[in-house]
Structure formats: structure tokens, C-alpha cells
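# A structural walkthrough
Letter by letter, the chains look like this.
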Amino acid sequence: MADASWIDGFDELNRLPADLRDTLVRGARVMHAPAGAEVFHPGQSVDNLLLLIEGTVRVQQRSENGREILLYRVHAGETCVLTTACMLAFEEYSAEGIAETDVVAVAIPRRTFDDLAARSAEFREFVFRAYSRRITDLFTLIDHIVFQRKDVRLAARLLELAQDGLVRATHQTLAFELGTAREVVTRTLAEFQRRGWIEQSRGMVRILDRPGLARLSQSGAD
């Protein structure tokens, strides 16, 4: 049984009636995974709804030729939409989840999930609201990949990843973040450097002109 304190991180669950809260806590268990660990993989059966308490999990798809694309990240206080979808449809995982940091999560087994989904409108609202938010994020990702220019997306991602003006990432990592080829990132970064926006070194990008990148990132797909 999980310690009841984890439920405080999920406002909607924290407002469940006392008897349903007890059912949820009794059925749940806390799990830990170190950074780099595989949380789930394609073909694995989905037996638990996962709620992330601490850390970040990267959900990614891998093609037959080995190319990877980032689908989304699950942060503390969130659920995994793929897990939810597979729980509802009784399907196996079709992507993999990797712990980017040490993570702590709560696993709610199917029996408890089905019981609460049948008994509680509040629990159903929690599940479907989280599912809806993530589906919206996925449609945004598709829109960006299909319709938005790669240089616009790369400029935006550099600004998102920068800490104290530095982005610690290889060209391959940035390509993975954008769902594109490494060569595309390499060419685009070279152009950014030519414009004086960035400076590159091994495994690192230093932002020199944040306003320049910001103007490009806000220019959309025009």
C-alpha cells in the first residue's frame, strides 16, 4: 500500500470522498526508477495507471530503421496519456518510456482503476481531463512537425532548454527533440552561428543573441 501523502500532489484526487480516497491509496503502490531506466516498452502489457510524483519520464517512438522521435514528457503531477489510452482500450504499449531523472511514481492497478472509474465521477473526470490535455499537446506536436519550419522550431527549443545561456545537448539530441535528422540540425545551427546568434562547442550551444532567436521562434511557419 502506498503512503497516503502522495495524493496531495493531485488536486482532483485529493478532493475524492474519503472512502474513495482510501480505496485508491490501498490499491496503489509507490515505485522508484533511476535515471536512464526503462519504465515501459513496446509490446508490454499495461497493468497500472502511472501517476508521476517526482522526476521526468520521456515517452518516445522508435522506427524500424532506429530513428527516434520524442512524443512528450511526463512531469511530476501528471499522468501518461499512452498508459491511460492502453488501460482504457486493453492494448499493449506502442512506445517506450525512459526515466530522464530519478523518478518516483504511483502505480494504480487495473482492478482499482476499473473500480474507481465505475464508482466515481470525480475519478473519471481526473482521468479524462488529463487525457484530453495530453492529446491536445500531441496534436500541437504533429502540427509543429508537419507545418512549422525546422529553424523556427529549433530556435524555440534552444530557448526552452537554455540554462544560464547554455544548452548542453549534442546535435543528435536536438534532432531527437525535434523529430528530424541530425544533418538538418547541424546545418541550421551553422546558420544560427553565422548570424551571430549562437556559439558552438562540443556537446554545447552558447546563446549569444537571445532576442534574435526569440524573433525567429515567434515568426511561426510563414
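Rules of the game
- Residues numbered from 1 in each chain as written.
- Predicted model: local features only at pLDDT ≥ 70, side-chain atom pairs only at ≥ 80, totals over all residues.
- Heavy atoms only, no water.
- UniProt positions renumbered as here; feature names shortened; annotations may be inferred.
- Helix = DSSP H or I, 4+ residues; strand = E, 2+ residues; numbered from the N terminus.
- Pairing = 2+ DSSP bridges.
- Axes fitted to C-alpha atoms, helices over the stretch in contact; angles between N-to-C directions.
- Phe/Tyr/Trp six-rings, centres within 6.5 Å; stacked < 30°, edge-to-face > 60°.
- Buried < 20%, exposed > 50% of the residue type's maximum accessible area, 1.4 Å probe, protein only.

The protein chain is annotated in an unreviewed UniProt entry as Crp/Fnr family transcriptional regulator of Acuticoccus sediminis.

Following the UniProt record, the feature "domain: HTH crp-type" (unreviewed entry) maps to residues 148–211 here. Helix makes up 55% of residues 148–211 and strand 16%. Its end C-alpha atoms lie 20 Å apart.

Spatial ordering of the open sheet is given by β1-β7-β3, a layout of three strands whose pairing is antiparallel. Pairing within the sheet leaves two strands with one partner each, and these edge strands are β1 (29–33) and β3 (48–54). The mean angle between the axes of side-by-side strands here comes to 30 degrees, regardless of whether they run parallel or antiparallel. Examined bridge by bridge, β1 and strand β7 (residues 103–109) share five bridges and lie antiparallel to one another. Looking at the pairing, histidine 32 lines up with valine 104 of β7.

Attention now moves to the packing of aromatic side chains. To describe a pair of aromatic rings, you give the distance between the ring centres and the angle between the ring planes. Counting across every chain of the model gives six aromatic pairs. Their ring planes at 5 degrees and their centres at 4.0 Å tell us that phenylalanine 40 and tyrosine 93 sit as a pair that is stacked. You can see phenylalanine 40 sitting in strand β2 (residues 38–40) and its partner tyrosine 93 sitting in the loop between α3 (81–89) and β6 (96–99), a full 53 residues away along the chain. For the pair formed by phenylalanine 40 and tyrosine 93, the shared burial category is buried. With a centroid separation of 5.8 Å and an interplanar angle of 75 degrees, the aromatic rings of phenylalanine 113 and phenylalanine 123 are classed as edge-to-face. Taken together, the residues span a long stretch of sequence, with phenylalanine 113 in helix α4 (residues 110–119) and phenylalanine 123 in helix α5 (residues 121–147) at a distance of ten residues. On the accessibility criterion, phenylalanine 113 (3% relative accessible area) is buried. Residue class for phenylalanine 123 comes out buried when judged on its relative accessible area of 0%. An aromatic cluster is defined as three or more aromatic residues linked by ring pairs; in this entry it consists of Trp6, Phe10, Phe113, Phe123 and Phe126.

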